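Here is what each chain is made of, one letter per residue.
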Amino acid sequence: MTAPLRLVLADDQELVRLGFRMVLDAQEDMTVVAEVGNGRDAVARATTGGGCDVVLMDIRMPVMDGVEATRRIVDSGSSAKVLVLTTFDLDEYVYAALHAGASGFLLKDAGPAELLAGIRAVHGGEAVVAPTATRRLLERLVPMLPITGEAASRARERLDVLTERELEVLTAIAQGHTNTEIAQQLWLAEATVKTHVGHLLAKLNARDRVQLVVLAYDAGLVRPNP
């Protein structure tokens, strides 16, 4: 039998953690290994002490916020994935957390089915939110958080390793298209699209599809709608 997913709940509200734990511990394939009330403790639990598979990360916490905690977990080389929990779906801190390496986000009032599906998707290396939802988030927030010329230049340099076809696939991903839609748009087999996505993740050292979208926006490969 496959070992259950090890989850860490990082939220400074005990009642919120309790609510999530009741749902998560009822699943045969999941177990909550720790609850923490600030970002610093989330980093410690995700990078030491036996580690974990997925951190459910609140954004606004004392001592260290969820954005900085996410950045430190990713920079540590930990295999733990971060799923951001937020009260507002258009929160500038959510974009910052995605930019720091979070694998997606969920609203705190998401239903149990959505929460469980999101955790499993993140652990499997997929985006936890629908492509269109990711696109909507970035289109609303990117204009408010302008990328510096230096950052954009670095992002474009990272794309230099890509082939013309890989750039086309990356553009389509950033536009919010699914693999099936990309296959139809570029006249490719869906299996071929999946192969290209795998190459993109490897070449760009991206953890998942969400990170590909963030990089494409940073590089100016796609632009938010006015």
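Cut-off values and rules
- Residues numbered from 1 in each chain as written.
- Predicted model: local features only at pLDDT ≥ 70, side-chain atom pairs only at ≥ 80, totals over all residues.
- Heavy atoms only, no water.
- Axes fitted to C-alpha atoms, helices over the stretch in contact; angles between N-to-C directions.
- Helix = DSSP H or I, 4+ residues; strand = E, 2+ residues; numbered from the N terminus.
- Parallel < 35°, antiparallel > 145°, perpendicular 65-115°, else oblique.
- Contact = heavy atoms within 4.5 Å.
- Nonpolar A, V, L, I, M, F, W, Y, C, P; charged D, E, K, R; others polar.
- Buried < 20%, exposed > 50% of the residue type's maximum accessible area, 1.4 Å probe, protein only.
- Polar contact = N/O pair within 3.5 Å; in protein donor to acceptor, adjacent residues only side chain to side chain.
- Salt bridge = Lys/Arg side-chain N within 4 Å of Asp/Glu carboxyl O.
- Pairing = 2+ DSSP bridges.

Engineer: Explain the packing of helix α1 (residues 14–24) against helix α5 (residues 112–123) to me, please; I cannot follow it from the model alone.
Structural biologist: Between two packed helices, the angle of one axis relative to the other and the distance separating the axes together describe the packing. Where α1 meets α5, the axes come as close as 11 Å, and the angle between the chain directions of the two elements is 75 degrees. Taken together, the axis directions place α1 and α5 in an arrangement best described as roughly perpendicular. Here F20, V23 and L24 of α1 come into contact with α5, specifically with P112, L115, L116 and I119. The residue makeup of the contact of α1 with α5, split by class, is seven nonpolar, no polar and no charged.

Engineer: How should the side chain of E166 be read in this particular structure?
Structural biologist: Structurally, E166 can be placed in helix α8 (residues 164–174). What makes E166 buried here is its relative accessible area of 4%. E166 has contacts with V161, H196, H199, L200 and K203, leaving out every residue within four places of it along the chain.

Engineer: Any chance you could explain the environment of E166 here in plain terms?
Structural biologist: In sequence terms E166 and V197 are 31 residues apart; their C-alpha atoms lie 8.0 Å from each other. A polar atom in the side chain of E166 sits 2.9 Å from the side chain of K203.

Engineer: Honestly, unusual backbone geometry in this entry has me stumped. Any pointers?
Structural biologist: One can expect most non-glycine residues to show negative phi and most peptide bonds to be in trans. Of note, the phi angle at V63 is positive, near 70 degrees, even though the residue is not glycine. Looking at the secondary structure, you find V63 in the loop between β3 (54–58) and α3 (66–75). A positive phi angle, near 55 degrees, is found at N205, a position not held by glycine. Following the sequence through the fold, N205 ends up in the loop between α10 (190–203) and α11 (209–218).

Engineer: When you look at the pattern of salt bridges in this model, what are you seeing that I'm missing?
Structural biologist: Side chains carrying opposite charge are able to pair once their charged atoms draw close together. Applying the stated criterion across every chain yields a total of 12 salt bridges. Put simply, R21 and D25 hold a salt bridge, and the shortest N to O gap is 3.0 Å. Among the charged side chains, a network of salt bridges with common partners joins R17, R21, D25 and E35.

Engineer: Whenever I open this one, the sheet that holds β3 confuses me. Can you help?
Structural biologist: Two strands in a sheet stick together by hydrogen bonds in their backbones, pointing the same way (parallel) or opposite ways (antiparallel). Reading across the sheet, the five strands line up as β2-β1-β3-β4-β5 and stay open at both edges, with parallel pairing between neighbours. In the strand order of this sheet, the two ends are held by β2 (30–36) and β5 (104–107), each with one partner. The mean angle between the axes of side-by-side strands here comes to 25 degrees, regardless of whether they run parallel or antiparallel. For strand β1 (residues 5–10) and β3, the ladder comprises four bridges, and the chain directions are parallel. Bridging across to β3, A10 finds its partner in M57. Packed onto the sheet, α1 meets β1, β2, β3 and β4 (81–86) and runs at close to 165 degrees relative to β2. Strand contacts of α3: β3 and β4, with the helix running at about 155 degrees to β3, the strand carrying the most contacts.

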